[in-house]
Amino acid sequence: MRSITALFFLFCFLVPSALAQLRFGFYGRSCPRAESIVANVVANRFRRDRSITAALLRMQFHDCFVRGCDASLLIDPRPGRPSEKSTGPNASVRGYEIIDEAKRQLEAACPRTVSCADIVTLATRDSVALAGGPRFSVPTGRRDGLRSSPNDVNLPGPTIPVSASIQAFAAKGMNTNDMVTLIGGGHSVGSIHCSLFQDRLNDPAMDRTLNARLRNTCRSPNDPSVFLDQRTPFIVDNAIYGEIRRQRGVMRIDQNMGLDRSTRRIVSSFAQSNALFRKRFAEAMVKMGRIGVLTGRSGEIRRNCRVFNNGR
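All of these numbers come straight from a predicted model, not from anything done at the bench. (Residues numbered from 1 in each chain as written. Predicted model: local features only at pLDDT ≥ 70, side-chain atom pairs only at ≥ 80, totals over all residues. Heavy atoms only, no water.)

Enquirer: Can you tell me about the nonpolar core, naming the residues and giving the values?
Expert: The biggest cluster of nonpolar side chains holds 81 residues, and the ones touching the most others in it are M59, L74, I99, F197 and M288. Ignoring sequence-local partners within four residues, the contact set of F197 consists of I192, L214, C218, V226 and V250. (Core = buried A, V, L, I, M, F, W, Y, C linked by side-chain atoms within 4.5 Å. Buried < 20%, exposed > 50% of the residue type's maximum accessible area, 1.4 Å probe, protein only. Contact = heavy atoms within 4.5 Å.)

So, in structure tokens, the structure goes:
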């Protein structure tokens, strides 16, 4: 009898933990239209602006790499209460209105059910597919964080050495292959302001034709921006890896991945096979989406993605 009682209590402790994990189809019963609502919002915006894929990829990366995928990046700063949003590299993150619109529709359909963290993950996944990237499923069940502080923001910059980038990803439970996949894949549809890659313009190894074109663009006032992938800037594909192999990487970290012995073979393999890149990119996106997630009764389900429920 004692053994049965012990097993019963053990079961009681283990089951909530198991149920608290992310899972595919998490909203199947509580909000059956959740994923389709997000997909429609993203598709409507994509038809007008194909650059949203780059914006959402950057948003998810910047959120997940600070305290995990908990939508802490979405919190608006208030007088006396700064947040992650306007700090350092986050100041140029955009696309928040897409998350706002999806949340508005989800609150109308299923109040207090779908987290902002899951909306970011689903919206990014859908935008990748619309941009010609892989279609993949993502587990859901994330909850929203209760903290957003500029002191937590420590994101890798455009000139970070490959070794330091590997360490930054390893600290989040991701390996070198994940790093090369996510950086290259994210930059396949991204752009960068001239002020952030001046070091590359002074690199004599850079392809001369590209260097001349970039210098001409960067002479314009107001710090213009250029595409990181010069061949297919609106398609999530492997083209950027081929550009890197030809010394046509615009950002320092991109080019260094093609030169460093710890990453150049991965770059080469992706340059040769878009199918391999698509497979690895989907896997890495799902893996990134699991970083530091809150589940079960942790955190909250925000009613408004820009503010905590208690109004803080």
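Enquirer: Which residues make up the UniProt feature "domain: Plant heme peroxidase family profile" (unreviewed entry) in the protein, and what values go with them?
Expert: Under the UniProt annotation, the feature "domain: Plant heme peroxidase family profile" (unreviewed entry) is placed at residues 21-309. End C-alpha to end C-alpha, residues 21-309 measures 23 Å, and it is 46% helix and 2% strand. (UniProt positions renumbered as here; feature names shortened; annotations may be inferred. Helix = DSSP H or I, 4+ residues; strand = E, 2+ residues; numbered from the N terminus.)

Enquirer: Pulling in residues and values, what's your account of the state of the cysteines?
Expert: Counted by the stated rule, this structure contains four disulfides. Paired by a disulfide, C31 and C110 hold their sulfur atoms 2.1 Å apart. Taking the sign of the torsion about the S-S bond as the criterion, the disulfide between C31 and C110, at about 80°, is right-handed. Of this pair, C31 sits in the loop between α1 (2-19) and α2 (34-48) while C110 is found in the loop between α4 (96-109) and α5 (116-130), placing the two residues 79 residues apart along the sequence. The two residues C31 and C110 agree in class, both being buried. (Disulfide = S-S within 2.5 Å.)

Enquirer: So, the packing of aromatic side chains: which residues are in play, and what are the values?
Expert: Overall, the coordinates contain nine aromatic pairs when judged by the stated rule. Pairing F227 with F234 gives two aromatic rings, centres 5.3 Å apart and planes at 75°, and the pair type is edge-to-face. For F234, a relative accessible area of 26% puts it in the partly exposed group. Relative to F277, the ring of Y241 has its centre 5.6 Å away and its plane inclined at 55°; by these criteria the two rings are tilted. One end of the pair, Y241, is in helix α10 (residues 239-245); the other, F277, is in helix α13 (residues 274-288), with 36 residues separating them in the sequence. (Phe/Tyr/Trp six-rings, centres within 6.5 Å; stacked < 30°, edge-to-face > 60°.)

Enquirer: Before we move on, could you go through the side chain of S127 and cite the residues and values that matter?
Expert: In this structure, S127 sits in helix α5. Accessibility expressed as a relative area gives 0% for S127, which makes it buried. In this structure S127 touches V42, T53 and L56, once residues within four positions along its chain are discounted.

Enquirer: An account of the packing of α2 against α4 is requested, with residue identities and associated values reported.
Expert: Where α2 contacts α4, the axes come no closer than 9 Å and their chain directions differ by 145°. Both α2 and α4 take part in a crossing whose hand is right-handed. Here A34, I37, V38, V41, V42 and R45 of α2 lie close against α4, whose contacting residues are E97, I98, E101, A102, Q105, L106 and A109. Of the residues that constitute the contact of α2 with α4, the class distribution is nine nonpolar, one polar and three charged. (Axes fitted to C-alpha atoms, helices over the stretch in contact; angles between N-to-C directions. Left-handed = near helix turned anticlockwise from the far one by under 90°. Nonpolar A, V, L, I, M, F, W, Y, C, P; charged D, E, K, R; others polar.)

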